[in-house]
Amino acid sequence: MARKDNRRNICMVLCFVTVVIIALLAVVIYLAARGTNCPESEMSSILKEEYGEYKGEQVFQYTLQNKNNVKVQIINFGGIITNIFVPDKNGKIADITLGYDSLDRYTQSGPYFGAIIGRYANRIANGTFELDGKNYTLEVNNGPNALHGGKFGFDKKVWEASEDDDILALKYVSAEMEEGYPGEVTVVVTYMLTEDNELVIHYTANTTKKTVINLTNHAYFNLAGQGTGDILKHTVELNADRYLPVNDVSIPTGDPETVEGTKMDLRTPIKLETVINDVPGNVGYDHCYCFNDAGWKKLRARVYEEVSGRKLEVYSTEPGMQFYTGFYLDEPGKGGGHYHKYNGFALEAQHYPDSPNNKNFPSTVLSPGETYLQTTSYKFGLV
């Protein structure tokens, strides 16, 4: 009897040890899968590489990649999306966003390739606005207007970068009266690439004093591949029934108007080459489209290119989206190339241009204690 009890006890101990070993192995496998073999430091799945130096500050390039061979590269100078590699219908990978080959070129003036735009995306008429009875004068850099935050907006700043697993976070503190804007504003922009091929960009901002703010990203796309020529064979669909007519310096002339019966109506998919020469103003599309469901992330635009089969969908919480077909492009490009008119398009989710001077537009005022929130995403796929 005693011998049977001993055997039973030994079996129980062996079973217990086996369970413990299996549990430990499971923990080890889990940590290895997350790349965290060492508990004192969590490792990121984002690749970080030196990209250059700007005014004594180091600039890095961060690579986000998923299992579908989609790869997005971002630098912490201006939060610029430098490259987006996406497979076509035959599996051939190409870079579909316009840009430069070097940091030096990004630091110069240009069409804001891939950059975070702020404090105020788009134009403010005559570079002035009134807030609580006080007039503010901004840096004028686009004819008579202030454009995209001024001469040295967020696109020309080195942002503080941090990584948390598959999320890249960029932070910038904009000083009181920078480019003429009131309040010290702290902005955080995060980037995440999902396994559904969606690049999700989330923005937050807080201020120490009442101010105006309007943020966006200014990526230019060519779904056939950057540097391959114009985008006129792209098919575009925008889910907006109103747009903002503008004057000869691109300032809205009044309230949003219906797209019904005009060349601005893109609610039904249409190939750009069939309509672009008839767009009012004779410079293609460079207009803000207006949505009726701001605050909810909804499908705003869909673009596809038949030869490659690539498709881009844009989702956003913003009340507007500037659709620009690149009429004024005349820039050196990647790999020694050159970008010309209509070689790329931009879909910039944002508030309306010149909102601080128009009480009928959705407000862009941010007060202390409030948080500015925006989410916009670019989803890549095949038709």
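Quantities reported herein were computed from a predicted structural model and do not represent experimental measurements.

### Things to note about the sheet that holds strand β1 (residues 47–54)
The antiparallel open sheet is built from five strands, whose spatial order is β1-β2-β3-β4-β5. Bordering the open sheet on either side are β1 and β5 (93–95), each of which pairs with just one other strand. Averaged over neighbouring strand pairs, the angle between their axes works out to 15° when direction is ignored. The pairing of strand β2 (residues 57–65) with strand β3 (residues 71–75) spans five bridges and is antiparallel. Across the sheet, the residue bridging to Leu 64 is Val 72, located in β3.

### Topic: the pattern of salt bridges
Summed over all chains, the structure comprises 17 salt bridges. Here Glu 260 and Arg 267 are joined by a salt bridge, their closest N and O atoms 2.6 Å apart. On the basis of relative accessibility, which here comes to 52%, the residue Glu 260 falls in the exposed class. In this structure, the salt-bridge partner of Lys 298 is Asp 293, at a minimum N-O distance of 3.1 Å. By sharing partners, the salt bridges in this structure join Glu 237, Arg 302, Lys 311 and Glu 313 into a single network.

### Thoughts on the UniProt feature "binding site: beta-D-galactose" (unreviewed entry) in the chain
Following the UniProt record, the feature "binding site: beta-D-galactose" (unreviewed entry) maps to Asn 122, Arg 123, His 218, Ala 219, Tyr 220 and Asp 286 here. Note that Ala 219 resides in the loop between β16 (216–217) and β17 (220–221). A relative accessible area of 0% means that Ala 219 is categorised as buried. When residues no more than four places from it in sequence are discounted, the contact partners of Ala 219 are Thr 97, Gly 114, Phe 345, Ala 346 and Leu 347. Residue Asp 286 is classed as buried on the basis of its relative accessible area, which comes to 14%. Setting aside residues no more than four positions away along its own chain, Asp 286 makes contact with Arg 123, Gln 322, Phe 323 and Tyr 324. At 3.0 Å, the side chain of Asp 286 forms a polar contact with the side chain of Gln 322.

### Points about the packing of aromatic side chains
Inspection of the entire model under this criterion finds 18 aromatic pairs. Seen from their ring centres, Tyr 100 and Tyr 106 are 5.0 Å apart, and the 65° between their planes marks the pair as edge-to-face. Per residue, the accessibility class of Tyr 100 equals that of Tyr 106, and both read buried. Ring geometry for Phe 154 against Tyr 172: centres 5.5 Å apart, planes inclined by 65°, an arrangement best described as edge-to-face. Here the residue Phe 154 occupies a position in the loop between β10 (146–147) and β11 (160–164), and Tyr 172 occupies one in strand β12 (residues 167–174), the gap between them amounting to 18 residues. Here the aromatic cluster, defined as three or more aromatic residues joined through ring pairs, consists of Tyr 100, Tyr 106, Phe 113, Tyr 220, Tyr 324 and Tyr 339. The aromatic ring of Phe 85 is capped on one face by Lys 71, whose charged end is 5.1 Å from the ring centroid.

### Digging into the UniProt feature "active site" (unreviewed entry) in the chain
According to UniProt, the positions carrying the feature "active site" (unreviewed entry) are His 218 and Glu 348. Spanning 131 residues, the named residues nonetheless gather at one spot, since no C-alpha pair among them exceeds 6.0 Å. Mapped onto the elements of the fold, His 218 is located in the loop between β16 and β17. Setting aside chain neighbours within four positions, we find His 218 in contact with Pro 111, Tyr 112, Phe 113, Gly 114, Ala 115, Ile 117, His 148, Ala 346 and Glu 348. Within the structure, the side chain of His 218 is placed 3.5 Å from the side chain of His 148, a separation counted as a polar contact.

### So, a negative patch on the surface
A grouping of Asp 164, Asp 166, Glu 195 and Asp 196 is seen on the molecular surface, where their side chains present a negatively charged patch. Mapped onto the elements of the fold, Asp 166 is located in the loop between β11 and β12. Judged by its relative accessible area of 31%, Asp 166 is partly exposed.

Cut-offs applied
- Residues numbered from 1 in each chain as written.
- Predicted model: local features only at pLDDT ≥ 70, side-chain atom pairs only at ≥ 80, totals over all residues.
- Heavy atoms only, no water.
- Pairing = 2+ DSSP bridges.
- Helix = DSSP H or I, 4+ residues; strand = E, 2+ residues; numbered from the N terminus.
- Axes fitted to C-alpha atoms, helices over the stretch in contact; angles between N-to-C directions.
- Salt bridge = Lys/Arg side-chain N within 4 Å of Asp/Glu carboxyl O.
- Buried < 20%, exposed > 50% of the residue type's maximum accessible area, 1.4 Å probe, protein only.
- UniProt positions renumbered as here; feature names shortened; annotations may be inferred.
- Contact = heavy atoms within 4.5 Å.
- Polar contact = N/O pair within 3.5 Å; in protein donor to acceptor, adjacent residues only side chain to side chain.
- Phe/Tyr/Trp six-rings, centres within 6.5 Å; stacked < 30°, edge-to-face > 60°.
- Lys NZ or Arg CZ within 6 Å of the ring centre and 35° of its normal.
- Patch = residues over 30% accessible without salt bridge, like charges linked within 9 Å, V, L, I, M, F, W, Y side chains within 5 Å.
- Areas by Shrake-Rupley, 256 points an atom, 1.4 Å probe, with all protein chains shown as cover.
- Lys, Arg positive; Asp, Glu negative; His and termini not counted.
- Charge placed at Lys NZ, Arg CZ, Asp CG, Glu CD.

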